[in-house]
Amino acid sequence: MIRLSDHIAAAGGWLSLEAFMQLALYHSEEGYYSTAIENIGMRGDFSTTPTLSPILAKAIIARWKEACARCGTRLPLLEIGAGSGALAVKIMDQLGFWNRLNTDYVIVETSPRLREFQHLLLGSQAKIYSGMEKALKHCGGKAFIFSNELVDAFPARVFEYTEQGWQEVGLTVKDGAVREELRPVLQKPLFSHMLEYDSQPGQRIEIHDSYAKWFTGWLPLWSMGSMTVIDYGAEMEYLYHRRPRGSLRGYKSHQVLSGEELYSYPGRTDITCDVNFTDLLELSRNCIGDRVTLATQRDYLLPYAEKTPQDAFLTDEYGAGDHFQVLIHERL
């Protein structure tokens, strides 16, 4: 297991929560996504929409066909963060034999362990890359890009409002134990205005700076297509309603961990937080000429729902249907 105190000492005695998440999730030998994750679904560490129903695959195929018609070309399907490959399998089922033979299916997956799952499950049906640059080069810059619960897997910076204003949350070692410590904000986040607003003392927020850096890094290589981003979260004005301590949490065998429990099992716990879609909208809207829309998962999936308990759950206006948002970014 990761010796967190050693990494705090190496960082000079204070480790930001973004750095902690990067370490706990992506350490090459001991990170959660590198080694510890065993399965995705009801018997794994977390469940996602593709493990529950084919409804998302139906929606994506319908939108892909519309995008291909608007672009005048058959766009490769490019899935980012394919997990166990469950969504890819369902999409290929929905494509049918002829479309499956004539459509490029490309996956971008940073986790070596998950790439192993995907290779075993999909074989030669998908091209799998570790980064967007090679994947987009393979696609010639044109692609129908989509992801489900990707942004929340990026490390986030955590800030707390105090009487002195906003401060960043990090970890230090006191009396031999790992403890949280606030420090002044030395570097403002990218593409976020959340720190410009006052709040109540004690309020915490999370900002996905690492996602913004990743997104803007490969975006110039994408020349045409559509991008669909699905994740749990909300726009800024709704996100932290009734969440005075923010949304940072962990999942271990379907058990929710919070507070100092998060720091007890680094590398063995999936750590996440809700996504601020105001930031994601700004990232996309900075691309002059592109079209950007935001909808709830309910609105996105409802036309393809069947009368099953799973589809009812995923489109529930008081549950998953409203808690998940869908951002569509079109570059035609």
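Scroll up to find the structure this text is about.
Residues numbered from 1 in each chain as written. Predicted model: local features only at pLDDT ≥ 70, side-chain atom pairs only at ≥ 80, totals over all residues. Heavy atoms only, no water.

J.: I tried to follow the pairing of strand β3 (residues 105-108) on my own but got confused; where do I start?
T.: Along any regular strand the residues' side chains alternate between the sheet's two faces. Side chains Y105 and I107 of β3 all project onto a buried face; the interleaved residues V106 and V108 project onto the opposite face, where all are buried too. As judged from the 4 bridges shared by strand β2 (residues 77-80) and β3, these two strands associate in the parallel manner. Residue pairing across strands places I80 opposite V108, the latter belonging to β3. Each parallel crossover has a hand, and the one from β2 via helix α6 (residues 86-101) to β3 is right-handed. Bridge count for β3 against strand β4 (residues 127-129) is 3 bridges, and the pairing is parallel. Its bridge partner lying in β4, I107 is registered against I128. (Buried < 20%, exposed > 50% of the residue type's maximum accessible area, 1.4 Å probe, protein only. Helix = DSSP H or I, 4+ residues; strand = E, 2+ residues; numbered from the N terminus. Pairing = 2+ DSSP bridges. Right-handed = clockwise from strand over helix to strand, strands pointing away.)

J.: Would you mind going over empty space enclosed by the protein with me for this structure?
T.: A probe matching the size of a water molecule, rolled over the atoms, marks out where space remains unfilled. Here the structure, examined in full by the defined rule, presents 3 cavities of 30 Å³ or more. The computed volume of the largest cavity comes to approximately 100 Å³. Lining the largest cavity are 15 residues, and of these I207, H208, N276, D279 and L280 sit closest to its centre. Elements supplying a minimum of two residues to the lining of the largest cavity: β9 (204-207), α9 (209-218), β14 (275-276) and α11 (277-285). Broken down by class, the residue content of the lining of the largest cavity amounts to 8 nonpolar, 3 polar and 4 charged. Forming the walls of the second largest cavity are Y211, F215, M227, V229, L280, L283, S284 and L327. If you list the elements that add at least two residues to the lining of the second largest cavity, you get α9, β10 (224-234) and α11. The biggest single contributor to the lining of the second largest cavity is α11, with 3 residues. (1 Å grid on protein atoms, 1.4 Å probe; cavity = no way out; pocket = protein on both sides within 12 Å on 5 of 7 lines; lining within 4 Å. Points joined across faces, edges and corners; volume = space filled by probe spheres on them. Nonpolar A, V, L, I, M, F, W, Y, C, P; charged D, E, K, R; others polar.)

J.: Explain the packing of α9 against α11 to me, please; I cannot follow it from the model alone.
T.: Geometry of a packed helix pair, given as the angle between the helix axes and the separation of the axes. It is at 11 Å that the axes of α9 and α11 come closest, and there the two elements cross at 20°. By the angle between their axes, α9 is roughly parallel relative to α11. Judged by the sense of rotation from one axis to the other, the crossing of α9 with α11 is right-handed. Contacts between α9 and α11 involve Y211, A212, F215 and T216 from the first element and L280, L283 and S284 from the second. (Axes fitted to C-alpha atoms, helices over the stretch in contact; angles between N-to-C directions. Parallel < 35°, antiparallel > 145°, perpendicular 65-115°, else oblique. Left-handed = near helix turned anticlockwise from the far one by under 90°. Contact = heavy atoms within 4.5 Å.)

J.: Can you help me understand unusual backbone geometry in this one?
T.: Keep in mind that most residues, glycine aside, have a negative phi and that most peptide bonds are trans. Positive phi values are uncommon outside glycine, yet D175 reaches one of about 55°. Relative to the helices and strands, D175 resides in the loop between β7 (165-174) and β8 (177-184). The exposure class assigned to D175 is exposed, which follows from its relative accessible area of 85%. If you check the backbone angles, R242 has positive phi at about 65° while not being a glycine. With respect to the element layout, R242 can be found in the loop between α10 (236-239) and β11 (249-252).

J.: Looking at this structure, I do not really get the side chain of Q297. What am I missing?
T.: Within the element layout of this structure, Q297 appears in helix α12 (residues 297-301). The exposure class of Q297 is buried, given its relative accessible area of 2%. Setting aside residues no more than four positions away along its own chain, Q297 makes contact with T49, I230, L314, A320, G321, F324, Q325 and V326.

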